[in-house]
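Examination of the molecular architecture
Residue strings, one per chain:
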Amino acid sequence: MRLQKFLARAGAASRRGSENLMTAGRVTVNGNVVTELGSKVDPLVDEVAVDGKVVRLADGPVTIMLHKPAGYVTTMSDPQGRPTVAELVPVSAHPGLFPVGRLDADTTGLLLFSTDGELGNGLLHPRRHVVKRYLACVEGRPSERELELLRQGVELDDGPSQPAEASVLEGADARRAMRVLDVPPVVAPNASRERADALRRRARERAYVRICVHEGRKRQVKRMLAAVGHPVVALHRDSFGPLDLGDLPRGAWRALSEREVAALHAATSRANLDERGALP
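Keep in mind the model is a prediction, meaning the values are calculated, not measured.

Reading guide: rules and limits
- Residues numbered from 1 in each chain as written.
- Predicted model: local features only at pLDDT ≥ 70, side-chain atom pairs only at ≥ 80, totals over all residues.
- Heavy atoms only, no water.
- Helix = DSSP H or I, 4+ residues; strand = E, 2+ residues; numbered from the N terminus.
- Contact = heavy atoms within 4.5 Å.
- Buried < 20%, exposed > 50% of the residue type's maximum accessible area, 1.4 Å probe, protein only.
- Phe/Tyr/Trp six-rings, centres within 6.5 Å; stacked < 30°, edge-to-face > 60°.
- Lys NZ or Arg CZ within 6 Å of the ring centre and 35° of its normal.
- Core = buried A, V, L, I, M, F, W, Y, C linked by side-chain atoms within 4.5 Å.
- Polar contact = N/O pair within 3.5 Å; in protein donor to acceptor, adjacent residues only side chain to side chain.
- pLDDT = per-residue confidence, 0-100.
- 1 Å grid on protein atoms, 1.4 Å probe; cavity = no way out; pocket = protein on both sides within 12 Å on 5 of 7 lines; lining within 4 Å.
- Points joined across faces, edges and corners; volume = space filled by probe spheres on them.
- Patch = residues over 30% accessible without salt bridge, like charges linked within 9 Å, V, L, I, M, F, W, Y side chains within 5 Å.
- Areas by Shrake-Rupley, 256 points an atom, 1.4 Å probe, with all protein chains shown as cover.
- Salt bridge = Lys/Arg side-chain N within 4 Å of Asp/Glu carboxyl O.
- Lys, Arg positive; Asp, Glu negative; His and termini not counted.
- Charge placed at Lys NZ, Arg CZ, Asp CG, Glu CD.
- Pairing = 2+ DSSP bridges.

1. Comments concerning the side chain of Thr28
Structurally, Thr28 can be placed in strand 1 (residues 27-29). If we ignore the near neighbours within four places in the chain, the residues touching Thr28 are Val33, Val34, Glu47, Val48 and Ala49.

Listed below in structure tokens is the structure:
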């Protein structure tokens, strides 16, 4: 078996990621560094390791869920030295773990990681229509007409968005969204009285919105809400396809069960998913 195929099937990384591990000199076979792409191994005889950790086909791919806090960029390394999500997940135990999609640094919520490249690609493929649900605090209160624009699809600078499900939250749902989003205070300690009063009035005019999108374009939810006149103050993703974030604490992660992974695979096989397929 080709070494990069072995690494991908063992869950060390995607096929391309496995090639990168090899060319970086991080892969050994029977103790010898192997960098030549196309090198072959016998899974029943040879011992393959990444960064000194032995990987086997029986180990299988790993998929986890992270409750991403604000302040972390969705990348496994950052040349600018900013905090990254790689600091929050077990990359040393699972070489090749990568984020499935991304959340902005100031966006919180459900972020998936996997060593299964096929699953990750399937979840992000634009034709799969895997639904992502967000809670947003926005400036002003969207009218029914503006919500309908979101439901029909709005014009963005890179083309029209697909239709989204959108609603303004009320009562207990709005209070829950307020707690989840943890919106920062609007009044700075040194603000003048007039400025403080103006900011408090502005805060009272904010609304909480639930929006479900079927795409994964850069900053899409923020751009869609801004396009209808309601810039986002805070944003949180609480579901991805059939998975809900639940009560996973902020900054914590957990491995997905076989049932949850199977549900994700099922979601990627639906070419036209019209609504979120919840786990039974």
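After that view of the structure, there is still more to cover.
2. Considering unusual backbone geometry
Backbone geometry at Asn30 places phi at a positive 55°, although glycine is not the residue there. Mapping Asn30 onto the fold places it in the loop between strand 1 and strand 2 (32-33). On the basis of relative accessibility, which here comes to 44%, the residue Asn30 falls in the partly exposed class. The backbone of Asp51 shows a phi angle near 55°, a positive value even though the residue is not glycine. One can find Asp51 in the loop between strand 3 (48-50) and strand 4 (53-55).

3. Comments concerning the packing of aromatic side chains
Following the criterion strictly, the structure yields zero aromatic pairs and no others. Note that Lys132 overlies the ring of Phe240, its terminal NZ or CZ placed 5.6 Å from the centroid.

4. Observations concerning the nonpolar core
Proteins that are soluble and globular tend to have nonpolar side chains buried together. Counting 29 residues, the largest nonpolar core has Phe113, Leu150, Ile211 and Met224 as the members making the most contacts within it. Of all the secondary structure elements, the ones that give two or more residues to this core are strand 5 (63-68), strand 7 (108-114), strand 8 (132-138), helix 4 (144-152), strand 11 (165-168), strand 12 (207-213) and helix 7 (220-227). Per element, the largest residue contribution to this core is four residues, and it comes from strand 12.

5. Focus: the side chain of His214
With respect to the helices and strands, His214 occurs in the loop between strand 12 and helix 7. Using a relative accessible area of 12% as the deciding quantity, one classes His214 as buried. Only 3.5 Å separates the side chain of His214 from the backbone oxygen of Pro163, close enough to count as a polar contact.

6. What about the confidence of the model for the chain?
Low-pLDDT portions of the prediction should not be read for the details of their coordinates. Put simply, the chain has an average pLDDT of 87, and 90% of its residues get 70 or more. In the predicted structure, residues 271-280 sits below a pLDDT of 50 and forms 27 contacts with residues beyond four places in sequence or in another chain.

7. Section: the layout of surface pockets
The computed volume of the largest pocket comes to approximately 420 Å³. Taken together, 28 residues form the lining of the largest pocket, with Arg102, Tyr134, Glu215, Gly216 and Arg217 sitting closest to its centre.

8. Some details on a positive patch on the surface
Judged by side-chain charge, Arg2, Lys5, Arg9, Arg15 and Lys40 come together as a positively charged surface patch. You can call Arg15 partly exposed: its relative accessible area is 44%.

9. A closer look at the sheet that holds strand 4
The four strands are arranged 2-1-3-4 in an open sheet whose pairing can be described as antiparallel. Of all the strands in the sheet, just strand 2 and strand 4 have a single pairing partner and so form its edges. Pairing analysis gives three bridges linking strand 1 to strand 3, with the strands arranged antiparallel. The partner of Thr28 across the bridge, within strand 3, is Ala49.

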